[in-house]
Every structure is written in structure tokens, then in C-alpha cells.
Amino acid sequence: MLPPPNSTAFPIPSDEALQVSAELSALIREEIIRAGGFLDFARYMELALYAPGLGYYSAGSVKFGPAGDFVTAPELSPTFGRALAVTLGADLAASDAHVVLELGAGSGALAAQLLDAWASQGRGVDYWILEPSADLRERQQRMLARFAPRVRWLDRLPTTPFKGAIVANEVLDALPVSCFAKVAGATRAVGVANGAAGFEWAVRGSATELAAAVARLERSLGAELGDGYRSELCPALSGWLGALSATLERGSLLFVDYGLTRGEYYHAQRSGGTLVCHYRHRAHADPFLYPGLQDITAWVDFSAVADAAATANLTLAGFTTQAQYLVALLAATPGAFGIDAASPREQSALKTLILPGEMGERFKVLLLRKGAAGPPLPGRDFRARLA
Ligand SMILES: C[S@@+](CC[C@H](N)C(=O)[O-])C[C@H]1O[C@@H](n2cnc3c(N)ncnc32)[C@H](O)[C@@H]1O
């Protein structure tokens, strides 16, 4: 997603959108009352994003593009999909596989770019999509109608393990996170309470699991987090990667997202955490603004992803920045991209994807493999930084 513009004013939603937000808020308020007045932030995030028919990803808001809330790499330029087509294509060939599973396909833009690239090479790839949002699934079906026989939507991960590749762009950042704070040397859960003017942050004596997870984190950092330090972690991550590994007999997993290594993520200077909300191209830190009408995300701790991958029997095959990855790939196979260098729009999109101050450094590319070989991930190898 793109960095925040200067304006901090939030456009007022339509009456219809406000009505959806009010219904979702009522549902969350009830759940907070049932939970005794305090809700884990991960549960709040899950409801705000995915409550059936009401959550941000479940209801019908525009989300992507200029009229939505944010822009992702495949929405910016087909070069992104063509690059991933090279990497995924090489991994499929190495595993003699013909299936790609995309998680969270958004508008379907990446799927269309990948399928176009492979069709132009005369390559038959079956494309599966696992998309929790019914609204987005409908949009994807419209966008990908011309590839109809090749594309299939799944309701859950396949129970019979398959050979192939799994790909997810900006999905890890959408996994719900739990928030914590260090108070007088102890870990406290930071969650959500009902306030007079809407939802508000609340701090509670820590849940044992969260305190244990923060203690493990501090052990791997080699130091305790300071008093007042506040951040988040993703309790769903290991189960999620474990399930992905279980569904993959042999092949690879490619993740692209904004994130950091553990040392950077939990650096003393990043003492307020990494939550970012996106509403009509304003990036801000208030997850209680218009529940259900804005995206809520957290940066990805790629060291945690690498650890969870190791536990799930997956091999860390590559880790680099999006800038490194794209520049190396473009330099190695310029002909594969059909870039219109004379197009100001394409030039501007490429700069956004690659420049360090834009998406180039914030976004990382992580490649995992299971029982499969394949070429190295293009770009400088930063795997050692994940330790
Ligand atoms: C920020 S959007 C990114 C969409 C698209 N990949 C792109 O790059 O434009 C996040 C996507 O992840 C999906 N998503 C969220 N949690 C998911 C999960 N656990 N499994 C699969 N998809 C998920 C959302 O519904 C949405 O399609």
C-alpha cells in the first residue's frame, strides 16, 4: 500500500456506509459486553475486517484503486505480475507442477497478470483462489471471466495435498494481531472496550499466552522491551503457515508484503507498534474510526514468518526487498516484461514499486519451499538478517 498523503482530513462516508458501520459496531459492542468488557485486539480486527456481510473485506466498499482506500502493487503496474510469473513459473517447472493457489486475490489483478503472462508463453497453469471475502470473490470472477476454465475458487484449503505454488501479496499484513504493552516490567494485553463515544483502547492484566509469547520474543531479541513499549504480534501466524504447509505436498510459497526483520520491528524507537489503517488514501493509526469502512493492518515480522515456516517444515529459500527483487529480475530478463518505457504512467508506477522511499524497501519478498528445488530468488540475499 502507498504511503500516507499529507491530508489528515477524513471524508465523511455515505449514509448507507455509515449504516453498515453502525450495525457492525453494535455487533462488536455486544461481543465486548459478553466478553466481560474487554476484547482482544485480534478479535476486534477479525470482526472489523471479516464479520459476515459487515466487515471491511466482507461488505461491498470499493477498497482498491483511486476510488477506494489503497493501491497495491498489481493495481499499479502489470510489471509486478509479470515478475512474479517468472519466479512462480520457474518454481512450477522445477517441481513439474501446474497449479498455483493465490490467497486473498483482491480485485483479481495479480491473477490476471500471471495468467496473461503464462498464456503468452503457451503455458497451461490451473489457478485456484482462496478468498474469504464474498464481495471480492464476485469481483474476481468478473475480472477473470476470460480465463474461466483455468480458474477455480476454493472455500477452504485443499484437504488433499497438491504439488504447486502458493502466492499471497499483502495478505500477511491482514492477519489479525494482538496488541500488548509493557507496564512496570510486566506484559499487559491492550484490547478494546466500549467507551462513551465509541470503542477505545483498554489495558488489562495479561493473558498468560500473550505474556509467554512476549517473553519468547524478548528472549530472541536478547533484551527486555522497555517500560511503556507497545507493539503487536500475530498469534494466528504459526497455525496459518502450518495449514499451508499441510496442504502442499511439494512446491513453493511466495509472500510479498510490507514488513521488517524482528530486530527492526521491535526496535526501541518503534515503541508505538506498527498498526496502520487505510481509509480513502489516508494512512493513520486509529482502528476505531468508522469500523468496517477502513482497512486495519500491521506490518509483518518476517523473522516470525521464517520461524513459523521452519516449525511447519518449510525451507527458507529467499528473502530480499521488493526493490532488489524487481531490479535484479528486470536486469536479467528485460524482454519478459514488455515495459512501455515511453509511457509516463508506466515509468511512474515502476518508480513507486522500486524506489526506496516508496514501496521498494518497505516491501519484502519471501520465498519458502517444501521438498522442492528451484532457482535462487533474484536480488541480494537478506536471509541472514532474519535470525
Ligand atoms: C490488502 S488485500 C490484498 C489483495 C491482493 N492480493 C492485492 O495485492 O491487491 C488483502 C486480501 O487478503 C484477503 N485475506 C485476508 N485474510 C485472508 C486469509 N486468512 N486467507 C486468504 N485471504 C485473506 C482479503 O480478503 C483480501 O483479498
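It should be noted that the structure appears before, not after, this text.
Small disclaimer: the values here were computed from a predicted structure and weren't measured.

A.B. asks: Before we move on, can you summarise the overall build of the chain with the specific residues and values?
C.D. replies: The helix and strand tally for the chain stands at 13 helices and 16 strands. A globule of 387 residues ought to have a C-alpha radius of gyration of about 21 Å, and the chain, at 21 Å, matches this closely. Referenced to the eigenvectors of the C-alpha coordinate spread, the extents of the chain come out at roughly 60 × 50 × 45 Å. Taking all 387 residues of the chain together, the buried fraction comes to 47%.

A.B. asks: I'd like to hear about the sheet that holds strand β11 (residues 275-279), residue by residue, with values.
C.D. replies: The strands making up a sheet associate through backbone hydrogen bonding, with each pair oriented either parallel or antiparallel. As summarised here, the arrangement of the 3 strands in space is β12-β11-β13, forming an open sheet in which the pairing is antiparallel. Two strands in the sheet have a free side with no partner beyond their single neighbour: β12 (282-284) and β13 (295-298). Sheet twist, expressed as the mean angle between neighbouring strand axes with direction ignored, is 25°. Pairing of β11 with β13 involves 4 bridges; the strand directions are antiparallel. Residue pairing across strands places Leu275 opposite Ala298, the latter belonging to β13.

A.B. asks: Account for the site of the ligand, naming residues and giving values.
C.D. replies: Thr72, Gly104, Gly106, Asn169 and Glu170 are the nearest of the 19 residues found near the ligand. Every element with two or more residues in the shell around the ligand is listed here: α3 (73-76) and α5 (109-120). Residues belonging to the shell around the ligand are distributed by class as follows: 11 nonpolar, 5 polar and 3 charged.

A.B. asks: Outline α5, listing residues and values.
C.D. replies: End to end, α5 covers 17 Å across 12 residues, agreeing with the expected 16 Å (1.5 Å per residue, within 8%). With 9 of its 12 residues buried, α5 lies for the most part within the structure. Downstream of α5 by a residue or two, Gly122 has a phi angle that is positive, lying close to 70°.

A.B. asks: Before we move on, could you go through the packing of helix α8 (residues 237-247) against helix α10 (residues 302-311) and cite the residues and values that matter?
C.D. replies: Across the interface, α8 lies against α10 with an axial gap of 9 Å and an inter-helix angle of 45°. Between α8 and α10, the interaxial angle falls into the category oblique. Once α8 is placed against α10, the crossing between them reads as right-handed. Of α10, the residues touching α8 (which contributes Leu237, Ser238 and Leu241) are Ala304, Val305, Ala308, Ala309 and Thr311. Residues that form the contact of α8 with α10 fall into these classes: 6 nonpolar, 2 polar and no charged.

A.B. asks: Now, about the environment of Leu157: what can you tell me, with residues and values included?
C.D. replies: Looking at the secondary structure, you find Leu157 in the loop between β4 (151-154) and β5 (162-169). When the 18 C-beta atoms within 10 Å are taken as the criterion, Leu157 is described as partly exposed. Sequence separation between Leu157 and Ala109 is 48 residues, and the spatial gap between their C-alpha atoms is 21 Å. The contact partners of Leu157, leaving out residues within four places of it in the chain, are Leu130, Ala243 and Thr247.

A.B. asks: Which residues make up the environment of Ala105, and what are the values?
C.D. replies: On the secondary structure map, Ala105 appears in the loop between β2 (99-103) and α5. We classify Ala105 as buried; it has 29 C-beta atoms within 10 Å. When sequence neighbours within four positions are dropped, the list of residues in contact with Ala105 reads Leu110, Ala111, Ile129, Glu131 and Gln140.

A.B. asks: Lay out the pairing of strand β16 (residues 363-370) in plain terms, naming residues and giving numbers.
C.D. replies: Where burial is concerned, most of β16 is hidden: 8 out of the 8 residues are buried. Of the two faces of β16, both are covered, the one formed by Phe363, Val365, Leu367 and Arg369 as well as the one formed by Lys364, Leu366, Leu368 and Lys370. Pairing analysis gives 8 bridges linking strand β10 (residues 248-260) to β16, with the strands arranged antiparallel. Bridge pairing in β16 places Val256 opposite Val365. The sheet contact formed by strand β15 (residues 315-321) and β16 spans 6 bridges and is antiparallel. Paired with Leu316 across the bridge in β16 is Leu368.

A.B. asks: Please set out unusual backbone geometry residue by residue, giving values where relevant.
C.D. replies: If you check the backbone angles, Asp96 has positive phi at about 50° while not being a glycine. With respect to the element layout, Asp96 can be found in the loop between α4 (78-95) and β2. Given 9 C-beta atoms within a 10 Å radius, Asp96 is considered exposed. We note that Tyr290 has phi near 35°; this positive angle belongs to a residue other than glycine. Mapped onto the fold, Tyr290 is located in the loop between β12 and β13. By the C-beta count within 10 Å, which is 23 here, Tyr290 ends up buried.

Rules behind the numbers
- Residues numbered from 1 in each chain as written.
- Predicted model: local features only at pLDDT ≥ 70, side-chain atom pairs only at ≥ 80, totals over all residues.
- Helix = DSSP H or I, 4+ residues; strand = E, 2+ residues; numbered from the N terminus.
- Rg over C-alpha atoms; globule rule 2.2 N^0.38 Å.
- Buried ≥ 20, exposed ≤ 12 C-beta atoms within 10 Å, placed from the backbone.
- Pairing = 2+ DSSP bridges.
- Axes fitted to C-alpha atoms, helices over the stretch in contact; angles between N-to-C directions.
- Near = placed C-beta within 6 Å.
- Nonpolar A, V, L, I, M, F, W, Y, C, P; charged D, E, K, R; others polar.
- Expected span 1.5 Å × (residues − 1).
- Parallel < 35°, antiparallel > 145°, perpendicular 65-115°, else oblique.
- Left-handed = near helix turned anticlockwise from the far one by under 90°.
- Contact = placed C-beta atoms within 7 Å.

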